[in-house]
Amino acid sequence: MIVIADSGSTKTNWVIVDKDNNRSTAKTVGFNPYYQSTEDIYQTLINDLIPQLGSKKIEKIFFYGAGCEALEQREQVAIAIRKAFPGTEVMVDHDLLAAAKAALGDTPGIACISGTGSNTCSYDGKDVTKNIHSLGLFLGDEGSGGYLGRMVIREYIREAMPAHISKKFEEFTPDRQADMLDKVYTKPFPNRYLASFARFVAENQKDPYLFNLAYHNFELMFDRSILRYEGAKTLPVNFVGSIAHYLSDVLYKVAADKGVTIGNIVGDPMESLTDYHYKKEYVHAHH
């Protein structure tokens, strides 16, 4: 059996697949080597993942994670996985590569993540060839749920929203100004909190005011990242993630206005990522 894992800052999705393409799934918290030590990761694998796997014999683990751009960070995660699964072949790589493989397979193009956080890269069909740093929530992350949520609560607190939207927003969340500032500035995971407001925009995107907020969020992502890749106007630009998926109408409009062709929009990359590895391991390997 092989295992494929896609780990963001919030959660890790694990898929176990055998040679007959039988699949089962497991979930754990997200791993990020910038926030967790090798020992923390190892303990989570032992306590949370292994009980979900039962007695399955694992041959290979393909792990794609947020914060795994640099070799040093990748190794930190790999050591923990090897320790938890002795004798298993382990490959650790960046979550952008997972996005590229899920959306593009072995075809070159531009791949973007638009979920809680955002990121972009150019991909040559094998590896990420260029990545304009997303800079995370405090310095960047345009095109993400976190960035969109930040726009929403900023407009709300400054009373810049039309009255009918403001009223709807107060029905959507019990939080008011003091709660919002507290959760953003003093509580852990402000990115997850802010991204929770993206759903409000997605549910009401027919309203021109909210459509424009979502439009501006994606527009910044195009201007600051996507359009700076060579081939942005000739290659298809592909997206994975919930924000791209739920706000795809807005995304198509921004792309059209910028002269960019959108390829695939994959809400959850796990299925196509698993297909990719299944074919590589079990289908093509035996031809």
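A brief look at the structure comes next. Predicted model only: the values in this text are computed from it and were never measured.

**Re the overall build of the chain**
Along the backbone of the chain there are 13 helices and ten strands. Here the C-alpha radius of gyration of the chain, 20 Å, is about what a compact globule of 287 residues would show, namely 19 Å. Looking at the chain residue by residue over its 287 residues, the buried ones come to 52%. Within the chain, contacts between residues at least 6 apart in sequence are counted, and of these 65% link residues at least 24 apart. With an accessible surface of roughly 13700 Å², the chain has 52% of that area assigned to carbon and sulfur atoms. Each charge class in the chain can be summarised by its mean position, and for the 31 positive and 36 negative side chains these summaries are 1 Å apart.

**Thoughts on the nonpolar core**
Phe 169, Phe 222, Phe 239 and Leu 247 are the most contacted members of the largest nonpolar core, which totals 45 residues. Every residue in contact with Phe 169, bar those within four places of it in the chain, is listed here: Val 152, Ile 153, Tyr 156, Met 161, Met 180, Phe 197 and Phe 200. Val 15, Leu 97, Leu 273 and Tyr 282 belong to the second-largest nonpolar core, a separate cluster that totals 24 residues.

**Describing the sheet that holds strand S5 (residues 89–94)**
Spatially, the five strands line up as an open sheet ordered S3-S2-S1-S4-S5, and their pairing is mixed. The strands lining the two open edges of the sheet, one partner per strand, are strand S3 (23–29) and S5. Averaged over all pairs of adjacent strands, the angle between their axes in this sheet comes to 15°, without regard to strand direction. In terms of strand pairing, strand S1 (residues 2–7) meets strand S4 (residues 60–65) through six bridges, oriented parallel.

**Points about the pairing of strand S2 (residues 11–17)**
Taking burial as the measure, the seven residues of S2 include six buried ones, the bulk of the element. Pairing geometry for S1 and S2, over six bridges, is antiparallel. Looking across to S2, one finds that Asp 6 is bridged to Asn 13. Between S2 and S3, which pair antiparallel in sequence order, lie five residues; one of them, Asn 21, sits at a positive phi of approximately 65°.

**What about empty space enclosed by the protein?**
Going through the model one piece at a time under the given rule, you end up with one cavity of 30 Å³ or more. No other element matches the three residues that strand S7 (residues 118–123) contributes to the lining of the largest cavity. Residue composition of the lining of the largest cavity, grouped by class: two nonpolar, five polar and two charged.

**Topic: unusual backbone geometry**
Positive phi outside glycine occurs at Leu 135, with the angle close to 70°. Checked against the element boundaries, Leu 135 lands in the loop between strand S8 (128–130) and helix H4 (136–139). You will see that Asp 141, though not glycine, has its phi angle at about 65°, which is positive. Checked against the element boundaries, Asp 141 lands in the loop between H4 and helix H5 (145–157). Classification of Asp 141 by relative accessible area gives buried; the value is 7%.

**Let's talk about the pairing of S1**
In terms of burial, S1 is largely enclosed, as six of its six residues are buried. A two-sided burial pattern is seen for S1, the buried positions comprising Ile 2, Ile 4 and Asp 6 on one face and Val 3, Ala 5 and Ser 7 on the other.

**Topic: the packing of helix H10 (residues 208–224) against helix H12 (residues 248–258)**
Running from N to C, H10 and H12 cross one another at 50°; their axes reach a closest spacing of 9 Å. Here H12 runs oblique to H10, going by the angle between their axes. In this structure, the crossing between H10 and H12 has a hand that is right-handed. Contact with H10, carried on its side by Phe 211, Ala 214, Tyr 215, Phe 218, Glu 219, Phe 222 and Asp 223, involves Val 250, Leu 251, Lys 253, Val 254, Ala 255, Asp 257 and Lys 258 of H12 and no other residues of that element. Residue composition of the contact of H10 with H12, by class: nine nonpolar, no polar and five charged.

**A short note on the layout of surface pockets**
Approximately 290 Å³ is the volume found for the second largest pocket. As for the second largest pocket, its lining consists of Leu 137, Phe 138, Arg 150, Ile 153, Arg 154, Ile 157, Arg 158, Met 180, Leu 181, Val 184, Tyr 185 and Leu 194. By residue class, the composition of the lining of the second largest pocket is nine nonpolar, no polar and three charged.

**A look at the pattern of salt bridges**
In this structure the tally under the stated criterion is 14 salt bridges. Arg 74 is the partner of Asp 93 in a salt bridge, and the nearest nitrogen-oxygen pair spans 3.8 Å. Placement of Asp 93 in strand S5 and of Arg 74 in helix H2 (residues 71–84) is noted, with a sequence separation of 19 residues between them. On the basis of relative accessibility, which here comes to 21%, the residue Arg 74 falls in the partly exposed class. Lys 167 serves as the salt-bridge partner of Glu 171, at 3.3 Å between the closest nitrogen and oxygen. Here Lys 167 and Glu 171 lie together in helix H6 (residues 163–172), a separation of four residues that amounts to about one turn. Across the pair, exposure class does not vary: Glu 171 and Lys 167 are exposed alike.

Definitions and cut-offs
Residues numbered from 1 in each chain as written. Predicted model: local features only at pLDDT ≥ 70, side-chain atom pairs only at ≥ 80, totals over all residues. Heavy atoms only, no water. Helix = DSSP H or I, 4+ residues; strand = E, 2+ residues; numbered from the N terminus. Rg over C-alpha atoms; globule rule 2.2 N^0.38 Å. Buried < 20%, exposed > 50% of the residue type's maximum accessible area, 1.4 Å probe, protein only. Contact = heavy atoms within 4.5 Å. Areas by Shrake-Rupley, 256 points an atom, 1.4 Å probe, with all protein chains shown as cover. Lys, Arg positive; Asp, Glu negative; His and termini not counted. Charge placed at Lys NZ, Arg CZ, Asp CG, Glu CD. Core = buried A, V, L, I, M, F, W, Y, C linked by side-chain atoms within 4.5 Å. Pairing = 2+ DSSP bridges. Axes fitted to C-alpha atoms, helices over the stretch in contact; angles between N-to-C directions. 1 Å grid on protein atoms, 1.4 Å probe; cavity = no way out; pocket = protein on both sides within 12 Å on 5 of 7 lines; lining within 4 Å. Points joined across faces, edges and corners; volume = space filled by probe spheres on them. Nonpolar A, V, L, I, M, F, W, Y, C, P; charged D, E, K, R; others polar. Parallel < 35°, antiparallel > 145°, perpendicular 65-115°, else oblique. Left-handed = near helix turned anticlockwise from the far one by under 90°. Salt bridge = Lys/Arg side-chain N within 4 Å of Asp/Glu carboxyl O.

Take it as geometry only, folks, not as evidence of what the structure does.
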